[in-house]
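Structure at a glance
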Amino acid sequence: MPPTLASLVHHSALKLTVRAGEDRLDVPVRWAHSSELADPVPYMEGGELLLITALKLDAEDPGAMRRYVKRLAGAGVVGLGFAVGVHYEDIPDALVQAARGEGLPLLEVPRRTPFLAISKAVSAAIAADQYRAVTAGFAAQRELTRQALTDGPEGLLAALAGQVDGWAALYDTAGAVVAAAPEWAGRRAARLTADVQRLRDRPAPASSVVGGDGDSEQPENADRVELHSLGTSRKARAALAVGTAAPLGTAERYAVHSAIALLTLTTERSRSLHAAEQRIGAAVLRMLLAGEPDHARAVAGDLYGDLLDAPFRMIVAEPASASAARAAAGPRPRLPAARPSAAALAAADTGGDPLGALAEVVESAAARAGEAVLVVPDGERLVVLATDQGAAVAACAAYTAALETSRPTPEPVTGGDEEGLVVGLSAPSGPIAASAAYKQAEQALSVARRRGRVCVEHEHLAAGSVLPLLADDAVRAFADGLLRALRDHDATGRGDLVASLRAWLSRHGQWDAAAADLGVHRHTLRYRMRRVEEILGRSLDDPDVRMELWLALKATAPE
């Protein structure tokens, strides 16, 4: 405890007597300072015990004393010490009454007690308090370190909660609670997710204070919570919350800073482990795609073994800009044999990185659910292997759906959206069919790119129509070229070959039904179809020709 006026009054060597403000002696004293200025306020910081002899004061003037004491109290001076037997044999009544009126403690200092003795007593008490705080801080650091080594972050949080007489919680980068102590603190910590997310968006290291306003309607929210970002990079890797009933003291502050350092070391160590795990994951994925599931299982071991024992989904994602460039460049070879950059997405530094954001989402969801997930960065792609119907797949679907709703009307990806994301999701598969699942995810990715969608599942492709796949400039150009001669013929007014061809194809070559649709004789329709064959130089008996013509008509049909 820092020195207080009460502790100075009880100091046997000082012999101080209380003359006013007896009910305010428990106020901490930051320093003892002597001044004979008529107005020492400009030189006060607040929290001082001011010592005077009234050398330059008219201490017997009630009005002057009221003004003097009022300014001292307004400046935050916590007490006034008056030396008797120097200029006044006793404290003038005007000063006593003024102090009582303002509630400012007034201490009588006997002549034999020098001001220096009071200053030394205050200084010694402050030094002793600081020494106790430092000693307690080192003890807390040792205990927190021991708990971190033996019980991990959970043990560290429990020890920290005891040190600050409150609660503590650890969050991941998504703002989800990873651990909390005591157990009841989990619900309180969960209500701070939005505050943690705002802290994450600030450059690290960052901190903020939430609450502490004494919410009478919601007493469970009345505590004071400090939030601290964790990590050594520009973006926070995690966050620590510490809730207490009052602001932290010096010893508690030491404990919190020690916890921040230890958790940061744990986070950085986790990044290194994550990078190593990702290299193993890349090797497992290459073996699966090479048709070597047994070797993949052997390498996966306990790390990814559970993932290969149940149906999984393959997810392939690209930034919208890279996806558009890849579409223009043509087909892409399968995952290369070269080792991917494992550190590129370790711990998901997501600033301006859509793939990093997706990796963070699926990894955080999998970690909370206790399920394995394989995340492999592959240049401008991200490949994910996740348990079918698991938390990671659900989080991916929810995240891409949120991106979908925040986008304007879907347009085919052209590369203008630097921050966009395109995702393809395979059907459920197993280790033997991993190569087919990768191909499905690529096909779904291609469809998502063409349709201007964020995410497409391969299972949904067969449930819709093939016609939306024709919404491509190259397909339209082909269709226009195929039908141009017929449209040129119709433009001269010598017949309606395009409409006749559409009617005939839609009726599967049934002359009577097609002629009835057009309102012409079937012989007229036969003549028109012969003209189509002559102009195109192709036979309508060929099913491939009929298919191409029908798709050309659908691709160029007005919407």
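Below is a summary of the structure that appears in this document. The model shown is predicted, which means the values in this text are computed figures rather than measured ones. (Residues numbered from 1 in each chain as written. Predicted model: local features only at pLDDT ≥ 70, side-chain atom pairs only at ≥ 80, totals over all residues. Heavy atoms only, no water.)

Looking at the sheet that holds strand S4 (residues 79-83)
- In space, the five strands of this open sheet follow the order S1-S5-S4-S3-S2, with mixed pairing throughout. The sheet is open, and its two edges are formed by strand S1 (17-20) and strand S2 (31-34), each paired on a single side. For this sheet, the mean angle separating the axes of adjacent strands, direction not counted, is 30°.
- The strands touched by helix H3 (residues 93-102) within the sheet are S1, S4 and strand S5 (106-109), with S1 carrying the most contacts at an inclination of about 75°.
- Docked against the sheet, helix H4 (residues 115-164) engages S2, strand S3 (48-52), S4 and S5, running at close to 160° with respect to S2. (Pairing = 2+ DSSP bridges. Helix = DSSP H or I, 4+ residues; strand = E, 2+ residues; numbered from the N terminus. Axes fitted to C-alpha atoms, helices over the stretch in contact; angles between N-to-C directions. Contact = heavy atoms within 4.5 Å.)

Observations regarding the pairing of S4
- For S4, a buried count of five out of five residues is recorded, marking the element as mostly surrounded by other parts of the structure.
- Strand direction decides the pairing type here: S3 and S4, joined by four bridges, are parallel. In the strand pairing of S4, Leu50 is matched with Leu80.
- With helix H2 (residues 62-74) bridging S3 and the parallel S4, this β-α-β connection has right-handed handedness. (Buried < 20%, exposed > 50% of the residue type's maximum accessible area, 1.4 Å probe, protein only. Right-handed = clockwise from strand over helix to strand, strands pointing away.)

Structural notes on the side chain of Ser229
- Mapped onto the secondary structure, Ser229 falls in strand S9 (residues 224-230).
- Here Ala206 takes part through its backbone nitrogen, which lies 2.8 Å from a polar atom of the side chain of Ser229.
- Aside from chain neighbours lying at most four places away, what touches Ser229 is Leu199, Ala204, Pro205, Ala206, Ala236, Ala238 and Ala239. (Polar contact = N/O pair within 3.5 Å; in protein donor to acceptor, adjacent residues only side chain to side chain.)

Quick notes on the packing of helix H15 (residues 511-518) against helix H16 (residues 522-536)
- In the contact formed by H15 and H16, the axes pass within 9 Å of each other and the chain directions differ by 100°. As judged from the angle between their axes, H15 and H16 are roughly perpendicular. When H15 is examined against H16, the residues Trp511, Asp512, Ala514, Ala515 and Leu518 are found in contact with a partner set consisting of Arg522, Leu525, Arg526, Arg528 and Met529.
- By residue class, the composition of the contact of H15 with H16 is six nonpolar, no polar and four charged. (Parallel < 35°, antiparallel > 145°, perpendicular 65-115°, else oblique. Nonpolar A, V, L, I, M, F, W, Y, C, P; charged D, E, K, R; others polar.)

Let's talk about the packing of helix H14 (residues 497-506) against helix H17 (residues 543-555)
- Interaxial distance between H14 and H17 falls to 10 Å at its minimum, and their mutual angle equals 115°. Crossing hand, H14 versus H17: left-handed. The segment H14 lies against H17, with Val498, Leu501, Arg502, Trp504, Leu505 and Ser506 engaging Arg546, Leu549, Trp550 and Leu553.
- Here the contact of H14 with H17 is built from residues that sort into seven nonpolar, one polar and two charged. (Left-handed = near helix turned anticlockwise from the far one by under 90°.)

Here we look at the pattern of salt bridges
- As enumerated under the stated definition, the model contains 22 salt bridges in all.
- Note that Glu318 and Arg381 form a salt bridge whose closest N and O atoms lie 2.6 Å from each other. Here Glu318, found in strand S11 (residues 312-319), pairs with Arg381, found in strand S13 (residues 381-387); they are 63 residues apart in sequence, far enough to count as distant. Like Arg381, Glu318 is buried.
- Salt-bridge contacts for Arg507 lead to Asp517; the nearest nitrogen and oxygen are separated by 2.7 Å. Of this pair, Arg507 sits in the loop between H14 and H15 while Asp517 sits in helix H15; the two residues are ten residues apart in sequence, bridging distant segments of the chain. (Salt bridge = Lys/Arg side-chain N within 4 Å of Asp/Glu carboxyl O.)

Here's the deal with the environment of Leu104
- If you trace the backbone, Leu104 turns up in the loop between H3 and S5.
- Residue class for Leu104 comes out buried when judged on its relative accessible area of 4%.
- Taking the C-alpha atoms as reference points, Leu104 and Glu22, separated by 82 residues in sequence, lie 8.9 Å from one another.

Comments concerning the sheet that holds strand S12 (residues 373-378)
- Pairing is mixed across the open sheet formed by five strands, whose spatial order is S12-S13-S11-S14-S15. Whereas interior strands pair on both sides, the edge strands pair on one side only; in this sheet they are S12 and strand S15 (455-457). Each adjacent strand pair in this sheet contributes to an overall mean axis angle of 15°, direction not counted.
- Alignment of S11 against S13, held across six bridges, turns out to be antiparallel. Paired with Ile315 across the strands is Val384, a residue of S13.
- The sheet contacts of helix H10 (residues 354-369) involve S11, S12, S13 and strand S14 (421-425), and relative to S12 the element is tilted by about 165°.

Points about H10
- Between its terminal C-alpha atoms H10 stretches 23 Å, which fits the 22 Å expected from 16 residues at 1.5 Å a residue.
- Among the 16 residues of H10, twelve are classified as buried, and the element is accordingly described as predominantly covered.
- Turning to H10, its buried residues number three or more, namely Pro354, Leu355, Gly356, Ala357, Leu358, Ala359, Glu360, Val362, Glu363, Ser364, Ala365 and Ala366.
- A positive phi of about 70° marks Gly370, the residue just after H10. (Expected span 1.5 Å × (residues − 1).)

Observations regarding unusual backbone geometry
- Each neighbour pair has its own omega, and for Ala181 with Pro182 the value is -10°, a cis peptide bond.
- For Pro182, the location among the structural elements is in the loop between strand S7 (177-181) and helix H5 (185-190).
- At Gln389, a residue that is not glycine, the phi angle is positive and equals roughly 65°.
- You can see Gln389 is positioned in the loop between S13 and helix H11 (391-406).
- Residue classification places Gln389 among the exposed positions, given a relative accessible area of 75%.
- Phi is positive for His508, which is not a glycine, with a value near 55°.
- Take His508: it is sitting in the loop between H14 and H15.
- Here His508 falls in the exposed class, since its relative accessible area comes to 70%.

Some thoughts on a nonpolar patch on the surface
- Taken together, the side chains of Ile280, Val299 and Leu303 define a hydrophobic patch exposed on the protein surface, amounting to about 190 Å² of accessible area.
- When you line up the elements, Ile280 lands in helix H7 (residues 250-289).
- The partly exposed category is assigned to Ile280, whose relative accessible area is 33%. (Patch = residues over 30% accessible without salt bridge, like charges linked within 9 Å, V, L, I, M, F, W, Y side chains within 5 Å. Areas by Shrake-Rupley, 256 points an atom, 1.4 Å probe, with all protein chains shown as cover.)

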